[in-house]
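Below are the chains, spelled out letter by letter.
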Amino acid sequence: MEMNGARIVIESLIKEGVDTVFGYPGGAIMNVYDELYKASGKLKHILAKHEQGAVHMADGYARSSGKVGVAFVTSGPGITNAVTGIATAYTDSVPLIVISGQVPTFAIGTDAFQEVDAVGITRPITKHNFLVKDVKDLAYIIKEAFYLAKSGRPGPVHIDLPKDVTVGKTKFNYPEKIELKTYKPTYKGNKRAIKRAAEAIIKAKRPVFYIGGGSVLSGAYQLVRELVKITQIPAVETLMARGVLRYDDPLLLGMVGMHGTYAANMAMNDADLIISLGARFDDRVTGKLDEFAKNADIVHIDIDPSQIGKVVETKYPIVGDVKLVLEEMLPLIVEKVDPKRYEEWRKILNRYKELYPLTYSDSDEVIKPQWVIEKTGEILPEDAIITTDVGQHQMWTAQFYPFTYPRQLITSGGLGTMGFGFPAALGAKKANPNRVVVNFSGDGSIMMNIQEVLTGYRYNLPVINIILNNNYLGMVRQWQTMFYEDRLSETDLSDVQPDFVKLAESMGGIGYRVSKKEDFVKALEDALNQNKVAFIDVQVDRREDVLPMVPPNSPLKNMLIFKEDK
Amino acid sequence: MKRIISVIVENEHGVLARVVNMFAARGYNITSLTVAPIPNSEFSRMTIMSEGDPKVFEQIVKQLYKLIPVYKVIESDDFIEKEMAMVKFPLKDVKDNLADIDAIARCYNGHISNVNDKNIVVSVVDRPDRIDNFLKAMQAKFKNLEIVRSGVSVIER
C-alpha cells in the first residue's frame, strides 16, 4: 500500500509495538503529527512542555520498562532542546528513538528557518543517527534504528526527517528482519575466556563482585543473586546497579566509589580479584587511578569491547552479554567453588562494615535529608519506582533507599543531568501506571524541568516529588566548603526560593511544605492518596554533607568518614 | 608515536565525519588521510596517519569499531606504505638540464608529468620517508616550489 512518509513513521512505530510517544510538535514535524492525529489513538502521545522534558520522559519510560522510548521533536530548537536528553540516555545506555523534523531536503544548507545540522550535533551523543533523504529508505531506517537501539550495548538513535520526505509517497513494506554487515554485537562470551575467569574466581582469596549497569540491562539480576549466594563472595554495586542485589543481602557491601560505603571501597582496595559484571570503572568509582585496586587482577565482562581495558589493565577480558556469560560461567563455578575459602575475607569486610557503617546523626530539631529517604523507604510499597535529579539528594538516595529490584532506581548516572528526575518519573509512571513513582530532588534540580507539572496534570501521571530543600546548590556548596575554604560562590538560593505549594497548585498539582518530621510523614501519606502531581518541599538541615566521601583524585581508601575528617 | 590504520567503512554520507570525530574529540591531529571506494563493493577504505599516546590510540581504534558503518579496522606494523607527491616550479628556475630532474624523479618512481611555457610538474610515488628525501632535494634546488602530498596509502603485506 502506498503511503506518505509521515504515515510510514506512525505505522512503523505501531509495528514495533510502541504504544506511547513523548514529544512536541512544530513546523517541520507537522506532517507526522497530522498522521498521528489520523491514527486516532492507536499511538498515544504525551505532549511535554519542553523537548528536554519529552526526551527524559521517553528515557524514564524506557529505563523503567526495558522497552524502547520514543520521542518526536521538530527541527532547529526542537532538536537542540532534545540534546541534553539524548546525551543523558547515551551515557547511561538507554534505548531511545528520537525522530526530529528537518527542513525539506532542497532547503538543507540554506540557513532555512529552524534549520540546524541536527545529525552533526547528535553524532557524538547517539549510538547512531540517520538523515533520511528518500522516503523509500524510511521504513528500513526505522527498523534499523530500533534494532540498533535495543541490541548490543543499547543507546539512543536519532532519525532526522526532512519535511518533504514525510510528504513523499512509497509502498509501505516494513522489513521483518535486519542484518547489518558492519554491526554484529557479541553476546556469547568466549568459552575459554569464561573458563579461565571461573578458575580465577575459584582460586582467588579476596574476590569481590563489582556489579554495574550491564547487569541491569542484560536482565541478569537473578543470575547475579544466585552467583553471589552460591559463592558467598561479597559484592559492591555501582550507582547504575542499585537493586541488582536486595538492600538487605548480607553479602552486599553497598555502593562503591566517591560516596560509596567504607566497606565497599575497602573491598575494592584490598581485593585480589575484581569481577566486573557490566561495570566500566568510571572515575567516580575508581578514585585516583594509580592507586586503584593495586593488588587485584581484573575479570571484566562487558558487551562493549571498547570498555574493556579502557581504564584498568584487564587480565580476564570477556566480551559478551552479562546474562549469557553468567549462564555459562555459573555451572563451572558451582562445581568447584568452596565458599569457606572466602570466610576470612568476609570477616575482614564485615569488620569494615561494623566499623564505619553508612550513618548520619539524626536530629529532632531539624530534618535530616537521609532521614527523609529512609522514612520514605519505610512508607512506600516495595515495588515503588524511585527517580532522582542530580546532586546531594541523588547520592543520599543511592545510599539510604532500600532498593529491592533492578530498574527501581532511575537516575542520570553518567551525564549527571539536573532536571532529569521529574520528567523521567512521569515517563516511568506512564509505563507503570499501577506503581508508586517518587522523585527525590533538590531545590536546585527541580527548577530545571518544573514546567512538566502541567504534563503530569494533563495526562494524570501522579508523581510525588520530594524536594530535599536546603536552599543551596548543595553538592557544589559541599565542595566549596571542603575544597574552596567555604567560599560559597553562587550556590546560596535562600533569597530566591519559590513557593512550591503555590507553584504546584497553579499547574494542577498539590504541594506541601514541611519542616517537622511528623509533618513529612503526614504529607507523604496524604500525597499517596491524592491522584495528583505532588511537591513535598522538605526543609532540611542546610549544611548536611554527603558522607563518606573519597575526595577527588584520592585513592579509595582515603575516605572522609565524618564531617570533622576534612 | 606515529601510527597508521586502515578503516574499512560502508559508503554512506556522514561516515567520514564519524571517523574523523573520534580523533577530533580527543584533540588528536590527523597527519594524513586518504579515502577511496573499494572496487566492486559497498565499502571504502580510509587510511589514517596520526600521532599520539598508544593507549589513547587503542581506545580510538575500539571506538572506531563501535561505529555502526565501520566494517573493519586494520592495524599492522607490516604495511607497504606509499604516498604520491607532486611538485611544481617555474621553468625559468631550471638551471641544469631537464634530464637531471627526470633522473631524480626516477629514483623515486616518478617522472616529469607536465611542462608548459611557465611551469614544470614532477610527480613521484614512494614511501613517505623517501618522499621527504625527494622533497628535501627539490627544495634545495628550487626556491619557488609548490608541493602537494597525497597522504599515505597502505596495504598489508
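What counts, and at which threshold
- Residues numbered from 1 in each chain as written.
- Chains lettered and ligands numbered in written order.
- Predicted model: local features only at pLDDT ≥ 70, side-chain atom pairs only at ≥ 80, totals over all residues.
- Heavy atoms only, no water.
- Domains from an automatic or database assignment.
- Contact = heavy atoms within 4.5 Å.
- Buried area = accessible area lost by both parts, 1.4 Å probe.
- Salt bridge = Lys/Arg side-chain N within 4 Å of Asp/Glu carboxyl O.
- Helix = DSSP H or I, 4+ residues; strand = E, 2+ residues; numbered from the N terminus.
- Nonpolar A, V, L, I, M, F, W, Y, C, P; charged D, E, K, R; others polar.
- Buried < 20%, exposed > 50% of the residue type's maximum accessible area, 1.4 Å probe, protein only.
- Pairing = 2+ DSSP bridges.
- Right-handed = clockwise from strand over helix to strand, strands pointing away.
- Core = buried A, V, L, I, M, F, W, Y, C linked by side-chain atoms within 4.5 Å.
- Axes fitted to C-alpha atoms, helices over the stretch in contact; angles between N-to-C directions.
- Parallel < 35°, antiparallel > 145°, perpendicular 65-115°, else oblique.
- Left-handed = near helix turned anticlockwise from the far one by under 90°.
- Polar contact = N/O pair within 3.5 Å; in protein donor to acceptor, adjacent residues only side chain to side chain.
- Patch = residues over 30% accessible without salt bridge, like charges linked within 9 Å, V, L, I, M, F, W, Y side chains within 5 Å.
- Areas by Shrake-Rupley, 256 points an atom, 1.4 Å probe, with all protein chains shown as cover.
- Phe/Tyr/Trp six-rings, centres within 6.5 Å; stacked < 30°, edge-to-face > 60°.

1. As for the domain arrangement of chain B
Often, the extent of an interface is quoted as the loss of accessible area upon association of its parts. All names here are of chain B. Here chain B is described as being made up of domain 1 (2–75) and domain 2 (80–156). Here the C-alpha centre of domain 2 lies 28 Å away from the C-alpha centre of domain 1. Between domain 1 and domain 2, the residue contacts involve 10 residues of the former and 8 residues of the latter. Between domain 1 and domain 2, roughly 650 Å² of surface is buried when both sides are summed, and carbon and sulfur atoms account for 56% of that area. Among the residues domain 1 hides against domain 2, the three largest losses belong to I4, T34 and R45. Together they make up 49% of the total. At the junction of domain 1 and domain 2, the tally comes to 2 salt bridges. Residues K2 and E81 are paired through a salt bridge, measuring 3.8 Å at the closest nitrogen-oxygen approach. Among the secondary structure elements, those contributing two or more residues to the side of domain 1 that touches domain 2 are β1 (2–10), β2 (30–37) and β3 (43–51). Partitioned by chemical class, the residues of the side of domain 1 that touches domain 2 number 4 nonpolar, 4 polar and 2 charged.

2. Regarding the pairing of strand β15 (residues 385–388) of chain A
Working note: regular strand, side chains alternate between the two faces of the sheet. Residues and elements named next belong to chain A. Burial of the side chains of β15 extends over both faces: I385 and T387 are buried on one face and I386 and T388 on the other. Inspection of the sheet shows β15 paired to strand β17 (residues 437–442) by 4 bridges, in the parallel sense. Its bridge partner being in β17, T387 is matched across the sheet by N439. As defined by bridge partners, β15 adjoins strand β16 (residues 409–410) across 2 bridges and the pair is classed as parallel. When the bridges of β16 are listed, I386 appears paired with L409. Note that the unit made of β15, helix α16 (residues 392–400) and β16 has a crossover that is right-handed.

3. Considering the pattern of salt bridges
Residue and element names in this part refer to chain A. Counted according to the given criterion, the structure contains 43 salt bridges over all chains. Note that D283 and R284 form a salt bridge whose closest N and O atoms lie 3.2 Å from each other. Exposure remark for R284: the relative accessible area of 43% places this residue in the partly exposed category. If you follow the salt bridges from partner to partner, you end up with E16, K143 and K150 in one network.

4. As for the nonpolar core
Residues and elements named next belong to chain A. In this structure, M268, I274 and M329 are the most contacted members of the largest nonpolar core, which totals 65 residues. Not counting residues within four places of it along the chain, the set of residues in contact with I274 comprises V208, Y210, M268, F281, F292, A293, A296, D297, I298 and V299. Judged by nonpolar contacts, the second largest core, of 45 residues, contains A48, A71, A82 and I385.

5. Digging into the environment of A:I79
Residue and element names in this part refer to chain A. Counting through the fold element by element, I79 comes out in helix α4 (residues 77–91). In the structure, I79 is positioned 342 residues away from G421 in sequence and 20 Å away in space, judged by C-alpha atoms. Contact partners of I79, with chain neighbours within four places excluded, come to V73, T74, I86, V98, S100, V116, A118, T122 and H158.

6. Description of helix α11 (residues 262–270) of chain A
Within α11(A), 9 of the 9 residues are buried, which leaves the element mostly enclosed by the surrounding structure. For α11(A), the set of buried residues is A:Y262, A:A263, A:A264, A:N265, A:M266, A:A267, A:M268, A:N269 and A:D270.

7. Some thoughts on the packing of helix α15 (residues 369–379) of chain A against α16(A)
Residues and elements named next belong to chain A. Relative orientation of the contacting elements α15 and α16 amounts to 45°, with a least axis distance of 9 Å. Classified by the angle between their axes, α15 and α16 sit oblique to one another. Between α15 and α16 the crossing geometry is right-handed. On α16, the residues that touch P369, Q370, I373 and E374 of α15 are H393, W396, T397 and F400. A per-class count over the contact of α15 with α16 returns 4 nonpolar, 3 polar and 1 charged.

8. A look at the side chain of A:D545
All names here are of chain A. Looking at the secondary structure, you find D545 in the segment after β20 (534–539). When its relative accessible area of 6% is taken as the criterion, D545 is described as buried. A polar atom in the side chain of D545 sits 2.9 Å from the side chain of R477. Discounting residues that sit within four places of it in the chain, D545 has contacts with Q370, Q392, W396, R477, Q478, M482 and K563.

9. What about the domain arrangement of chain A?
All names here are of chain A. In terms of domains, chain A is made up of domain 1 (2–171), domain 2 (191–355) and domain 3 (369–547). For domain 1 versus domain 3, the separation of C-alpha centres amounts to 30 Å. With 26 residues of domain 1 at the interface, the matching set in domain 3 holds 27 residues. For the pairing of domain 1 and domain 3, the buried interface totals around 2000 Å² over both sides, and the portion due to carbon and sulfur atoms is 65%. The largest per-residue losses of area from domain 1 upon contact with domain 3 belong to K49, R63 and S64, which jointly make up 27% of the total buried on that side.

10. Observations concerning the sheet that holds strand β5 (residues 96–102) of chain A
Residue and element names in this part refer to chain A. Reading across the sheet, the 6 strands line up as β3-β2-β4-β5-β7-β6 and stay open at both edges, with parallel pairing between neighbours. Edge positions in the open sheet fall to β3 (44–47) and β6 (128–131), since each of these has one partner strand only. Neighbour-to-neighbour, the strand axes of the sheet open up by a mean angle of 20°, direction not taken into account. Across 7 bridges, β5 lies against strand β7 (residues 156–162) in parallel orientation. Note on β7: the bridge partner recorded for G101 is L161. Those strands touched by helix α3 (residues 51–65) are β2 (20–23), β3, β4 (69–73) and β5, and its axis lies near 165° from that of β4.

11. Thoughts on a nonpolar patch on the surface
A surface patch of nonpolar side chains, amounting to about 280 Å² of accessible area, comprises B:M84, B:M86, B:V125 and B:V148. Secondary-structure assignment places B:V148 in strand β8 (residues 146–156).

12. A look at the packing of aromatic side chains
All names here are of chain A. Enumeration over the complete set of coordinates arrives at 20 aromatic pairs over all chains. Seen in terms of ring centroids, F22 and Y61 are 5.6 Å apart; in terms of plane orientation they differ by 65°. Their pairing is edge-to-face. Residue F22 is found in strand β2, and its partner Y61 is found in helix α3; the two are separated by 39 residues along the sequence. Take Y61: its relative accessible area is 4%, and that puts it in the buried class.

13. Focus on the interface of chain A and chain B
Contacts between the two partners involve 22 residues from chain A, matched on the other side by 18 residues from chain B. Summed over both partners, the interface of chain A with chain B comes to about 1600 Å²; 49% of that surface belongs to carbon and sulfur atoms. For the chain A face of the interface with chain B, the top three residues by lost area are A:R123, A:K181 and A:T182, together amounting to 38%. Across the contact surface, chain A and chain B share 2 salt bridges. Measuring nitrogen to oxygen at the nearest pair gives 2.7 Å for the salt bridge that ties A:K181 to B:E42. At the boundary of chain A and chain B, one finds 8 residue pairs in polar contact (both at pLDDT 80 or more). Put simply, the parts of the chain that give the side of chain A that touches chain B at least two residues each are β6 and α6 (135–150) of chain A. For the side of chain A that touches chain B, the element with the most residues is β6(A), which contributes 3 residues. Across the side of chain A that touches chain B, the residue classes tally to 8 nonpolar, 6 polar and 8 charged.

14. Observations regarding the sheet that holds strand β7 (residues 119–126) of chain B
All names here are of chain B. With antiparallel pairing, the 4 strands of this open sheet are ordered in space as β6-β7-β5-β8. Edge positions in the sheet fall to β6 (111–115) and β8, since each has one partner strand and no second. With direction set aside, neighbouring strand axes in the sheet form an average angle of 15°. Of the pairings in the sheet, the one linking strand β5 (residues 79–90) to β8 comprises 9 bridges and is antiparallel in character. Within β8, the position partnered with E83 by the bridge is V152.

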